[in-house]
Amino acid sequence: MTKRILLLSSLVAGMLLIAACSSSSTGTSAAEASDVGANESISIEDFAFGPDGITISVGDTITWTNDESGVGHTTTSDDGVWDSKLLNPGDTFERTLNETGTFSYFCSIHPSMTASITVAG
């Protein structure tokens with residue numbers, strides 16, 4: 001019985017040692033950080049998107065915030081890539097853009113509100 005416990009203990013210890021040596025770090029190195037997309041913010045205020053034209057890199061995330069008081073808006077791409085649905089005051093909507101190109105968008109409630117995002121490679 002003692003031999004069996006000793007053998008089992010050795011086996012478990014060996015498995016724990018192997019698992020500890022092969023586990024990867026959960027931190028982000030400087031090289032990995034450069035691969036993470038940036039965040040860009042667009043405010044919806046005074047019946048306008050601000051800024052109304054930006055250039056970002058592939059993989060960047062845009063966050064729209066409805067900063068308008070008492071008025072709902074949307075951010076809706078002209079070509080159907082995204083549609084936030086109704087954003088009430090204080091609501092946000094995020095979209096990560098992974099393809100190059102220029103994406104025009106508007107508010108489907110107030111179509112005169114327009115802007116664009118250029119995604120560079």
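Rules behind the numbers
Residues numbered from 1 in each chain as written. Predicted model: local features only at pLDDT ≥ 70, side-chain atom pairs only at ≥ 80, totals over all residues. Heavy atoms only, no water. Phe/Tyr/Trp six-rings, centres within 6.5 Å; stacked < 30°, edge-to-face > 60°. Helix = DSSP H or I, 4+ residues; strand = E, 2+ residues; numbered from the N terminus. Buried < 20%, exposed > 50% of the residue type's maximum accessible area, 1.4 Å probe, protein only. Pairing = 2+ DSSP bridges. Contact = heavy atoms within 4.5 Å. Axes fitted to C-alpha atoms, helices over the stretch in contact; angles between N-to-C directions. Core = buried A, V, L, I, M, F, W, Y, C linked by side-chain atoms within 4.5 Å. Salt bridge = Lys/Arg side-chain N within 4 Å of Asp/Glu carboxyl O.

**Description of the packing of aromatic side chains**
Applying the stated criterion across every chain yields a total of six aromatic pairs. Ring centres of Phe49 and Tyr105 lie 4.8 Å apart, and the angle between their planes is 70 degrees; this geometry places the pair in the edge-to-face category. Of this pair, Phe49 sits in strand 2 (residues 48-50) while Tyr105 sits in strand 7 (residues 101-106), and the two are 56 residues apart along the sequence. For Phe49, a relative accessible area of 4% gives the class buried.

**Quick notes on the sheet that holds strand 7**
Taken in spatial order, the four strands of this open sheet run 3-8-7-5, and their pairing is mixed. With partners counted over all chains shown, the strands left at the sheet margins are strand 3 (53-57) and strand 5 (76-77), one partner each. Bridge count between strand 7 and strand 8 (residues 114-120): six bridges; the pairing is antiparallel. Looking at the pairing, Gly101 lines up with Val119 of strand 8.

**What to know about the environment of Pro89**
Locating Pro89 in the fold gives a position in the loop between strand 5 and strand 6 (92-96). Every residue in contact with Pro89, bar those within four places of it in the chain, is listed here: Asn66, Glu68, Ser69, Gly70 and Val71.

**So, the sheet that holds strand 1 (residues 39-45)**
With mixed pairing, four strands are arranged side by side in an open sheet as 2-1-4-6. Only two strands of the sheet have a single partner each, and these edge strands are strand 2 and strand 6. Pairwise comparison of adjacent strand axes, ignoring direction, gives a mean angle of 20 degrees for this sheet. Examined bridge by bridge, strand 1 and strand 2 share three bridges and lie antiparallel to one another. By the bridge assignment for strand 2, Ser43 is matched with Gly50.

**So, the nonpolar core**
Among the nonpolar cores identified, the biggest contains 18 residues, and Phe49, Trp64 and Ile117 are the most heavily contacted of them. Elements with a contribution of two residues or more to this core: strand 1, strand 3, strand 4 (61-66), strand 7 and strand 8. Looking at which element gives the most residues to this core, the answer is strand 8, with three residues.

**Let's talk about the pattern of salt bridges**
One side chain can pair with another of opposite charge once the charged atoms of both are near each other. Going through the model one piece at a time under the given rule, you end up with one salt bridge. A salt bridge links Asp83 to Lys85, with the shortest nitrogen-to-oxygen separation between them at 3.5 Å. A relative accessible area of 34% means that Asp83 is categorised as partly exposed. Lys85 sits in the exposed class, given a relative accessible area of 55%.

Scope: geometric values only; no functional claims are made or implied.
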